[in-house]
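# Observations on the model geometry
Each chain, written out:
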Amino acid sequence: MGSQTDEVDRIVEAWIAQRPDLDFSPLGVLSRVDRLSRHLDRARRDAFRRSDLEPWEWDVLSALRRAGEPFQLSPKQLLQQTLVSSGTMTNRIDRLVGRRLVRREADPGDGRSVLVTMTDDGKTRVDAAITRLVDAEALLLGTLSRGDRERLAGLLRKLSLGFDA
């Protein structure tokens, strides 16, 4: 073990003392991922709250923002990007329309369909939130060099591809 220890090291050492028959290396990795996830969740909620957005509003608006000009997607495309049910998405769009963060427009290519378009206010909020979020996430990773970040991202990608398969 390195010269620096954390709470997870202490927990793992205590388990090894009690159950030397088990390999606790998974706990050493995934307990830290779990703890980091809680810090990240707090940082995200704070960044969204400061832009007066709920996390679910961020999900929808950020999908529209990433689409680029004219910041417009069909409800079906929004469903694919946010992984919620159709009824939930309809409700979310209604609420965002009510807050004037998006508007519904007829799809020029198909009169029976609608497109969801982000308003200027929606864009202002989502841009402020992503700026705050990137700054907060950079602070969370502040002790890692760029090379360390790239190595860690690569390892986490390798791990998550196993789940996504």
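Keep in mind that this is a model prediction, so the values were computed, not measured. (Residues numbered from 1 in each chain as written. Predicted model: local features only at pLDDT ≥ 70, side-chain atom pairs only at ≥ 80, totals over all residues. Heavy atoms only, no water.)

Attention now moves to the UniProt feature "domain: HTH marR-type" (unreviewed entry) in the protein chain. Under the UniProt annotation, "domain: HTH marR-type" (unreviewed entry) lies at residues 26-161. Between the first and last C-alpha atoms of residues 26-161 the distance is 17 Å; the span itself is 70% helix and 12% strand. (UniProt positions renumbered as here; feature names shortened; annotations may be inferred. Helix = DSSP H or I, 4+ residues; strand = E, 2+ residues; numbered from the N terminus.)

Turning to the pairing of strand β3 (residues 110-118), a few remarks are in order. For strand β1 (residues 72-73) and β3, the ladder comprises two bridges, and the chain directions are antiparallel. Of the residues in β3, the one forming a bridge with L73 is V116. If you look at the hairpin formed by strand β2 (residues 102-107) and β3, you'll find two residues sitting between the two strands. (Pairing = 2+ DSSP bridges.)

Glancing now at the packing of helix α3 (residues 55-66) against helix α5 (residues 86-98). Look at α3 against α5: their axes get within 11 Å of each other, and the N-to-C directions meet at 90°. Judged on the interaxial angle alone, α5 and α3 are roughly perpendicular. On the side of α3, the interface is formed by W56, E57, V60 and L61, while α5 contributes M89, R92, R95 and L96. Classifying every residue of the contact of α3 with α5 by side-chain character gives five nonpolar, no polar and three charged. (Axes fitted to C-alpha atoms, helices over the stretch in contact; angles between N-to-C directions. Parallel < 35°, antiparallel > 145°, perpendicular 65-115°, else oblique. Contact = heavy atoms within 4.5 Å. Nonpolar A, V, L, I, M, F, W, Y, C, P; charged D, E, K, R; others polar.)

Turning our attention to the layout of surface pockets. A volume near 1,200 Å³ is recorded for the largest pocket. Considering the residues around the largest pocket, the lining is formed by 27 residues, among which R32, L36, L141, L144 and L152 are closest to the centre. Secondary-structure elements contributing two or more residues to the lining of the largest pocket are α2 (25-50), α6 (120-140) and α7 (146-164). Considering every element that reaches the lining of the largest pocket, the biggest residue donor is α2, with 10 residues. In terms of residue class, the lining of the largest pocket is built from 15 nonpolar, six polar and six charged. (1 Å grid on protein atoms, 1.4 Å probe; cavity = no way out; pocket = protein on both sides within 12 Å on 5 of 7 lines; lining within 4 Å. Points joined across faces, edges and corners; volume = space filled by probe spheres on them.)

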